[in-house]
Amino acid sequence: QVQLVESGGGLVQAGGSLRLSCGASGSFRSMNAMGWYRQAPGKQRELVATITPGRNTNYADSVKGRFTISRDNAKNTVYLQMNSLKPEDTAVYYCNAVLSRSLGTREYWGQGTQVTVSA
């Protein structure tokens, strides 16, 4: 069974940094696009950043210049380096991955990790 497991969330003061990690485990052939999404209380889940197998990246305007997404294909892991954090970055952050399996591709979600930024 394929799983995405996130880590690295926590409480940080405004201006601080956190690094999120998401590892994929289980049986699959390859990782396609991967990304991070977030959901704040009372709001819809929104895209934060995505990265393709060729390492092309895409960011939400609200995090450009502050967040960096990267991936290590050998470790089946995607990272999100978050710098200059703001209180409005407070949310549950979810890892997303499209993985290739023997019967085709499928999208997976992690369980979420809480990021809280205090003013």
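Conventions adopted
- Residues numbered from 1 in each chain as written.
- Predicted model: local features only at pLDDT ≥ 70, side-chain atom pairs only at ≥ 80, totals over all residues.
- Heavy atoms only, no water.
- Pairing = 2+ DSSP bridges.
- Helix = DSSP H or I, 4+ residues; strand = E, 2+ residues; numbered from the N terminus.
- Axes fitted to C-alpha atoms, helices over the stretch in contact; angles between N-to-C directions.
- Disulfide = S-S within 2.5 Å.
- Buried < 20%, exposed > 50% of the residue type's maximum accessible area, 1.4 Å probe, protein only.
- Salt bridge = Lys/Arg side-chain N within 4 Å of Asp/Glu carboxyl O.

## Here's the deal with the sheet that holds strand S3 (residues 18–25)
Alright, step 1. Strand order in the open sheet made by the four strands is S1-S3-S8-S7, with antiparallel pairing throughout. Each end of this open sheet is capped by a strand with a single partner; those strands are strand S1 (3–7) and strand S7 (67–72). Taking each pair of neighbouring strands and ignoring which way they run, the sheet shows an average axis angle of 15°.

## Comments concerning the state of the cysteines
Alright, step 1. Tallied over the entire structure, the rule returns one disulfide.
Alright, step 2. Across the disulfide, Cys22 is cross-linked to Cys95 (sulfur-sulfur distance 2.1 Å). Taking the torsion about the sulfur-sulfur bond, which here is approximately -80°, the covalent link between Cys22 and Cys95 counts as left-handed. Of the two residues, Cys22 is situated in strand S3 and Cys95 in strand S9 (residues 91–101); the sequence distance between them amounts to 73 residues.
Alright, step 3. Accessibility expressed as a relative area gives 0% for Cys22, which makes it buried.

## Here we look at the pattern of salt bridges
Alright, step 1. Per the counting criterion, the structure on display carries four salt bridges.
Alright, step 2. Between Glu46 and Arg38 there is a salt bridge whose closest N-O contact spans 2.7 Å.
Alright, step 3. Given a relative accessible area of 36%, Glu46 falls into the partly exposed group.
Alright, step 4. Classification of Arg38 by relative accessible area gives buried; the value is 6%.
Alright, step 5. Of the charged contacts in the structure, one is a salt bridge between Arg38 and Asp89, with a shortest N-O distance of 3.0 Å. You can see Arg38 sitting in strand S4 (residues 30–39) and its partner Asp89 sitting in the loop between strand S8 (77–82) and S9, a full 51 residues away along the chain.
Alright, step 6. Here the salt bridges do not stand alone but share partners, grouping Arg38, Glu46, Arg66 and Asp89 into one network.

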